[in-house]
Amino acid sequence: MTGFNTNIYRFLIISSFITFIIVVLFGISQTLTYLNTDADRSSMLHLALNKEKLYVPKVTWKDTMNPGRSIEKQVMIDIEEDYLNAWYVSNIAYQDNKLEGVDNYYTTSALQNIHTIIQDNSSRDISIHSTTINHNLTLDFYSADGQLAIITDSDVKEYQYVYQEDNLLFEIEEKSDYQALMLLEDGYWRIRHLIKKENNRQDIHKKSNGYTKVIRYRIYVDNKEYQIKGINYYPQKTPWDMFGNDYDINLIKEDFDMIKAAGLNTIRIFVPYHAFGKEQVAIEQLKKLRQVLDEAKAHNLMAIVTLFDFYGDYSVLNWTLTHRHAEQIVSSLKDHKGILAWDIKNEPNLDFDSRGKENVVGWLKEMILQIKQYDPNHLITIGWSDVESSAILKEEVDIVSFHYYQDIDDFDDDFLELDIKIDKPLILQEFGLSSNWSFWNVFGATEKNQAEYHQQFQKKISEKKIHYLSWTLYDFKNVPSSVVGKLPWRKHKQKHFGFIDKHGKKKKSFKHISN
């Protein structure tokens, strides 16, 4: 009897296992079928768009009054969502020359026009990378049966990069008005007609309150001329992660005391894009940033805030995500008197080869306009990694910043050439020498060499009255691989640029931290 029961148990276990395997294989089969069906792929795209924000231009409803039936709030939200998704999927279609997912947001008649454009572009190896920055919506009509809506979309700011194969043919930047007729079909608001209209309006720019400004090559703060004497700053324990889990405002206060006592008046700090929440900025991170700026102001230190640290995408389709990121940070701090300038991006020219110069510069140019829109009160700059790149977008920024790690003996000639070329204040935003003599670099500089370097540089700075921020206050015990890679000799070098060693002792160079 015991043997009989054991066999039954074995049979049930084996049967259950076989049934489980069959169910798993069936599920995999169905998933593969789902993925290999064009209609299903588009359905998946629709679900992805609704689940994750991939496209977030600035949207404003100017008027939702309807002479007939009043529109419900949820319906308005649905129309806005499907209308923006229609723009997004058409942008992808023109970039990839494929129609996948477009039928979820356009009716059959509207699809024909998109299909014709894609066929023509594909035959000529042309692709269009595009995005819209903002949409200003007005409800013109909403039918009594709730199945039809007509909206006007005014002052739509559009960017297009037109490529033939991998060659950029031209860039287009324009503002347009559109009128869209949308039908409710199968639960989606689909575009039946999208008509482009002429737009002759001019931009209206906000005026600065003049707290920080530039007049004839000089920087002014609160109507007093300001000479930058500063340093790039990370707390010693949290390099490249100032606002992370080990954030400690008390240690930062102590560092600000030391920085001020050393004769400096400015710090440069960094806001990492992903750590701050990307397009949905974390309130807690924003509170930390404000707290640091409050402490800087309390210590009579001005701050240059470098945005988008560890960001390197720049693709046109993702521009709106970075715009929402900048909007939340900049708008909330636009009146803070501890900020001297917004630095759009650290060393963006290092991404030219991997991301394309035109993509990087286009993103920077539009980001400058975005930040000026939300904050007309503070200066704007870009932290170029070298002298050669610093003239890029010189007309768009308020102050021109460059980094200098070349031979100090070449500095005078390089600076003179730049000073002749650019008629705006010049900021030596990073410079320094690593005291990295060690097993990893037997030909590296010693602490004595580092002190001599800073002594010589401060003499040049004083003679030419140059705005400066040296790199950096501290030596670091650890440097993330994301900063300089994994090679130990590169990491070791980056650890020893500070004026204070890893044990908290002032190095010989500290005597020359300011002039």
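As a reminder, the structure under discussion sits directly above these lines.
Please read these numbers as outputs of a predicted model, since none were measured by experiment.

## A word on the pattern of salt bridges
Now for step 1: Per the stated rule, a full pass over the model turns up 15 salt bridges.
Now for step 2: Salt-bridge contacts for Asp343 lead to Arg268; the nearest nitrogen and oxygen are separated by 2.9 Å. With a gap of 75 residues between them, Asp343 in strand β13 (residues 339–346) and Arg268 in strand β11 (residues 266–272) connect regions that are remote in the sequence. The same class applies to Asp343 as to Arg268, namely buried.
Now for step 3: Put simply, Glu430 and Arg268 hold a salt bridge, and the shortest N to O gap is 2.9 Å. Highlighted residues: Glu430 in strand β16 (residues 426–431) and Arg268 in strand β11, separated in sequence by 162 residues.
Now for step 4: With relative accessibility at 5%, the residue Glu430 sits in the buried group.
Now for step 5: Linked by salt bridges that have partners in common, Lys58, Arg324 and Glu327 make up one network.

## What to know about a nonpolar patch on the surface
Now for step 1: A cluster of nonpolar side chains, contributed by Trp437, Val442 and Phe443, occupies part of the molecular surface with about 430 Å² of accessible area.
Now for step 2: Looking at where Val442 falls in the secondary structure, it is placed in the loop between β16 and α11 (447–464).

## Remarks on the sheet that holds strand β10 (residues 229–232)
Now for step 1: An order of β10-β11-β12-β13-β14-β15-β16-β17 is seen for the eight strands of this closed barrel, with the pairing classed as parallel. Each adjacent strand pair in this sheet contributes to an overall mean axis angle of 25 degrees, direction not counted.
Now for step 2: In the packing of helix α6 (residues 283–298) onto the sheet, contacts are made with β11, β12 (302–309) and β13, and the angle to β11 comes to roughly 180 degrees.

## Description of the packing of aromatic side chains
Ring pairs (aromatic) are described by centroid distance and by the angle formed between their planes.
Now for step 1: Following the criterion strictly, the structure yields 31 aromatic pairs and no others.
Now for step 2: With a centroid separation of 6.3 Å and an interplanar angle of 85 degrees, the aromatic rings of Tyr161 and Trp319 are classed as edge-to-face. Taken together, the positions of Tyr161 in strand β4 (residues 148–164) and Trp319 in helix α7 (residues 319–333) put the pair 158 residues apart, joining distant regions of the chain. Taken as a pair, Tyr161 and Trp319 share a single burial class, namely buried.
Now for step 3: Centre to centre, the rings of Trp240 and Phe476 are 5.5 Å apart; their planes meet at 65 degrees, and the pair counts as edge-to-face. Of this pair, Trp240 sits in the loop between β10 and α5 (249–261) while Phe476 sits in the loop between β17 (467–470) and α12 (481–484), and the two are 236 residues apart along the sequence. Here Trp240 and Phe476 have matching classes, each one buried.

## So, the packing of α6 against α7
Now for step 1: Put simply, α6 and α7 touch, their axes get as near as 11 Å, and they point 40 degrees apart. Seen along the crossing, α6 lies across α7 with a hand that is right-handed. Between α6 and α7, the contacting residues are Leu286, Leu289, Arg290 and Leu293 on the first element and Gln328, Ile329, Ser332 and Leu333 on the second.
Now for step 2: Classifying every residue of the contact of α6 with α7 gives five nonpolar, two polar and one charged.

## Some thoughts on the pairing of β12
Now for step 1: Of all eight residues making up β12, eight are buried, and the element is well covered by its neighbours.
Now for step 2: Relative to β12, β11 is paired through six bridges, and the arrangement is parallel. Counted as the bridge partner of Ile269 is Val305 from β12.
Now for step 3: Running through α6, the crossover from β11 to the neighbouring parallel element β12 is right-handed.
Now for step 4: Where β12 lies against β13, four bridges are found, and the strand directions are parallel. Counterpart to Ala303 in the pairing with β13 is Ile339.
Now for step 5: On the question of chirality, the crossover connecting β12 to the parallel β13 by way of α7 is right-handed.

## Side note on unusual backbone geometry
Now for step 1: Cis geometry marks the peptide bond from Trp471 to Thr472, where omega comes out at -5 degrees.
Now for step 2: Note that Thr472 resides in the loop between β17 and α12.
Now for step 3: With a phi angle near 55 degrees, Asp222 is a residue other than glycine that sits in the positive phi range.
Now for step 4: Note that Asp222 resides in the loop between β8 (218–221) and β9 (224–225).

## Re the pairing of β8
In summary, the side chains of a regular strand alternate between the two faces of the sheet.
Now for step 1: Pairing between strand β7 (residues 212–215) and β8: four bridges, direction antiparallel. Counterpart to Lys213 in the pairing with β8 is Tyr220.
Now for step 2: Linking β7 back to β8 in an antiparallel pair, the connection comprises two residues, with Arg216 at a positive phi of about 50 degrees.
Now for step 3: Note that β8 and β9 share two bridges and pair antiparallel. Across the sheet, Val221 pairs through a bridge with Lys224, a residue of β9.

The rules behind these values
Residues numbered from 1 in each chain as written. Predicted model: local features only at pLDDT ≥ 70, side-chain atom pairs only at ≥ 80, totals over all residues. Heavy atoms only, no water. Salt bridge = Lys/Arg side-chain N within 4 Å of Asp/Glu carboxyl O. Helix = DSSP H or I, 4+ residues; strand = E, 2+ residues; numbered from the N terminus. Buried < 20%, exposed > 50% of the residue type's maximum accessible area, 1.4 Å probe, protein only. Patch = residues over 30% accessible without salt bridge, like charges linked within 9 Å, V, L, I, M, F, W, Y side chains within 5 Å. Areas by Shrake-Rupley, 256 points an atom, 1.4 Å probe, with all protein chains shown as cover. Pairing = 2+ DSSP bridges. Axes fitted to C-alpha atoms, helices over the stretch in contact; angles between N-to-C directions. Contact = heavy atoms within 4.5 Å. Phe/Tyr/Trp six-rings, centres within 6.5 Å; stacked < 30°, edge-to-face > 60°. Left-handed = near helix turned anticlockwise from the far one by under 90°. Nonpolar A, V, L, I, M, F, W, Y, C, P; charged D, E, K, R; others polar. Right-handed = clockwise from strand over helix to strand, strands pointing away.

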